[in-house]
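Residue-level structural notes
Chain by chain, the residues run as shown.
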Amino acid sequence: MIHAPDLEEVFPRIPLGTFPTPVTRLDLPGVAGDLWVKRDDRSGDEYGGNKVRKLEFLLAVARREGAGRVVTAGALGSHHALATTVYGHRLGFGVSLVLCPQKVTDEVRHVLKLEVDRGAEIRIVPRMELIPPALVLQRILRRRERPYVIPPGGSNAAGTLGYVRAALELLDQVDAGELPLPDTIHVACGTMGTAVGLAVGLSLRKVPTRVKAVRVVGTLVANERGLKRLARDTLQAMSGLAPTLPSVNEVLARLELRHDQVGPGYAKPTAHAREAMTRFGRAGLELDPTYTAKTAAGLLSSLEEGGKPSGAQLYWHTLSHGLPEALAGALPAEVPEGVRRVLEPGAERVDDR
Ligand SMILES: Cc1ncc(COP(=O)(O)O)c(C=O)c1O
């Protein structure tokens, strides 16, 4: 039987987080059923959330390839960009970020300031479509540091292995009697690595658990073809782990991409998500409107679909948690004008997105 440490035989990993993350019962007032939560918001002492598991593998590949710098991309307030900065900086990598505009909120400013505090080199491009050429340019400009490029969201095969490992960790908790084997796992789906990794990990152990991946982004970012490609790449990266690995079809058979909770689009609130925030809040679990509240709304709607669910339901809590304090004082001189405009009081938006 394959266990979490076995993955390190075929792929390097640098421990960064605090694992296993706890599993607890989820008591939602007025909701019947056997509900559980996996607390990946507690995955890191400095900064938790679903990025830590991915970065353990991504930064290990960067180190193995002799990179002195990691380069990644996202929206202005991207927690993936921040997590890459926090953990990349901790391991001594230079960090370059290519960021595209989003509505500037206090949280976005805070995330950006934490990146500046850790010396990340930040370039803001006017539109999301300009991220790929900007990444290529960074790679060329920084070639002496052999930069390793991490895709937005950290969802290549290496990053996805973080969630293969997470599924194996969960199954070890099931074996230890901490929770029953879930019938279904409900998880947020953005760049797909979290959901695909879980489905691959469950397939390795051949348990019947299914994954409902709640799409919270546009179909350009998360779609069935993308799930298939990422499942195939991840399985390929694991070849050598066992004489027989599951097939891509076995992985996809347990993985459903749910399209019914995204509403008007990424980061646009929905009434169901607001209601889920209130109900989960009463049970002591803080949700964010962009990812986790829509996922929780998906779980609540599955409970209402077709009568009673057949078994234990697990909500995987991916929320980034525990933002460190930002440094006080003036911005360093090298901070570019675009970043300065966002961080200085009075900035509303970088564009109309
Ligand atoms: C809180 C939260 N949940 C889920 C996700 C999505 O994970 P993935 O990109 O692996 O689908 C993200 C991605 O940024 C996130 O911030």
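What counts and what doesn't
- Residues numbered from 1 in each chain as written.
- Predicted model: local features only at pLDDT ≥ 70, side-chain atom pairs only at ≥ 80, totals over all residues.
- Heavy atoms only, no water.
- Helix = DSSP H or I, 4+ residues; strand = E, 2+ residues; numbered from the N terminus.
- Buried < 20%, exposed > 50% of the residue type's maximum accessible area, 1.4 Å probe, protein only.
- Salt bridge = Lys/Arg side-chain N within 4 Å of Asp/Glu carboxyl O.
- Core = buried A, V, L, I, M, F, W, Y, C linked by side-chain atoms within 4.5 Å.
- Domains from an automatic or database assignment.
- Contact = heavy atoms within 4.5 Å.
- Pairing = 2+ DSSP bridges.
- Axes fitted to C-alpha atoms, helices over the stretch in contact; angles between N-to-C directions.
- Buried area = accessible area lost by both parts, 1.4 Å probe.
- Parallel < 35°, antiparallel > 145°, perpendicular 65-115°, else oblique.
- Left-handed = near helix turned anticlockwise from the far one by under 90°.
- Nonpolar A, V, L, I, M, F, W, Y, C, P; charged D, E, K, R; others polar.

Phe19 connects to Pro20 through a cis peptide bond whose omega is 0°. Following the sequence through the fold, Pro20 ends up in the loop between α1 (7–10) and β1 (23–25). Non-glycine residue Met192 carries a positive phi angle of around 85°. The residue Met192 is located in the loop between β7 (184–189) and α7 (193–204) in this model. What makes Met192 buried here is its relative accessible area of 9%. At Lys206, a residue that is not glycine, the phi angle is positive and equals roughly 55°. Position of Lys206 relative to the elements: it lies in the loop between α7 and β8 (210–215). The exposed category is assigned to Lys206, whose relative accessible area is 62%.

Looking now at the pattern of salt bridges. This structure, assessed with the given rule, holds 25 salt bridges. Of the charged contacts, one joins Glu8 and Arg165 as a salt bridge, the two residues approaching to 3.3 Å between their closest N and O atoms. Remark: Arg165 occurs in helix α6 (residues 157–175) and Glu8 occurs in helix α1; sequence separation between them is 157 residues. A relative accessible area of 32% means that Glu8 is categorised as partly exposed. Assessed through its relative accessible area of 12%, Arg165 is described here as buried. With a closest N to O distance of 2.7 Å, Arg142 and Glu145 form a salt bridge. On the basis of relative accessibility, which here comes to 26%, the residue Glu145 falls in the partly exposed class. One salt-bridge network, held together by shared partners, links Glu8, Arg13, Glu56 and Arg165.

Moving on, we come to the nonpolar core. Counting residues in each nonpolar core, the largest one holds 85 residues, and the members touching the most others are Tyr148, Leu198 and Trp316. Top contributing element to this core by residue count: α6, with ten residues. Here this core spans two domains, and each of domain 1 (4–50 + 159–317) and domain 2 (68–146 + 329–343) adds at least three residues to it. Non-local contacts of Tyr148, meaning those with residues more than four positions away in its chain, are made with Leu58, Val61, Ala62, Glu65, Ala67, Arg69, Val70, Val71, Asn156 and Ala158. Counting 17 residues, the second largest nonpolar core, distinct from the first, contains Leu26, Leu28, Ala276 and Phe280.

This brings us to the sheet that holds β8. Picture the strands of a sheet paired through backbone hydrogen bonds; they go either parallel or antiparallel. Strand order across the open sheet formed by six strands is β1-β2-β10-β7-β8-β9, with mixed pairing between neighbours. Pairing within the sheet leaves two strands with one partner each, and these edge strands are β1 and β9 (255–258). Sheet twist, expressed as the average angle between the axes of neighbouring strands with direction ignored, equals 25°. Pairing between strand β2 (residues 35–39) and strand β10 (residues 313–317): five bridges, direction parallel. What sits directly across from Arg39, in β10, is His317.

Interface extent is often summarised as the accessible area lost during association of the parts. Partitioning the protein chain into structural domains gives domain 1 (4–50 + 159–317) and domain 2 (68–146 + 329–343). Domain 1 and domain 2 are separated by 28 Å when their C-alpha centres are compared. Listed per partner, the contact involves six residues of domain 1 and eight residues of domain 2. Buried area between domain 1 and domain 2, summed over both chains or domains, comes out near 740 Å², and the portion from carbon and sulfur atoms is 58%. Contact with domain 2 buries surface across domain 1, with Leu16, Glu46 and Tyr47 losing the most and accounting together for 80% of the total. The salt bridge partner of Asp45 is Arg90, with a shortest N-O separation of 3.3 Å.

Now for the packing of helix α3 (residues 79–90) against helix α4 (residues 106–117). Taken N-terminus to C-terminus, the directions of α3 and α4 make an angle of 25°; their axes are 9 Å apart at the nearest point. In terms of axis orientation, α3 runs roughly parallel to α4. Here α3 runs over α4; the crossing is left-handed. In this structure, α3 contributes His79, Ala81, Leu82 and Thr85 to the contact, and α4 contributes Glu107, Val111, Leu114 and Glu115. Residue classes in the contact of α3 with α4 are distributed as four nonpolar, two polar and two charged.

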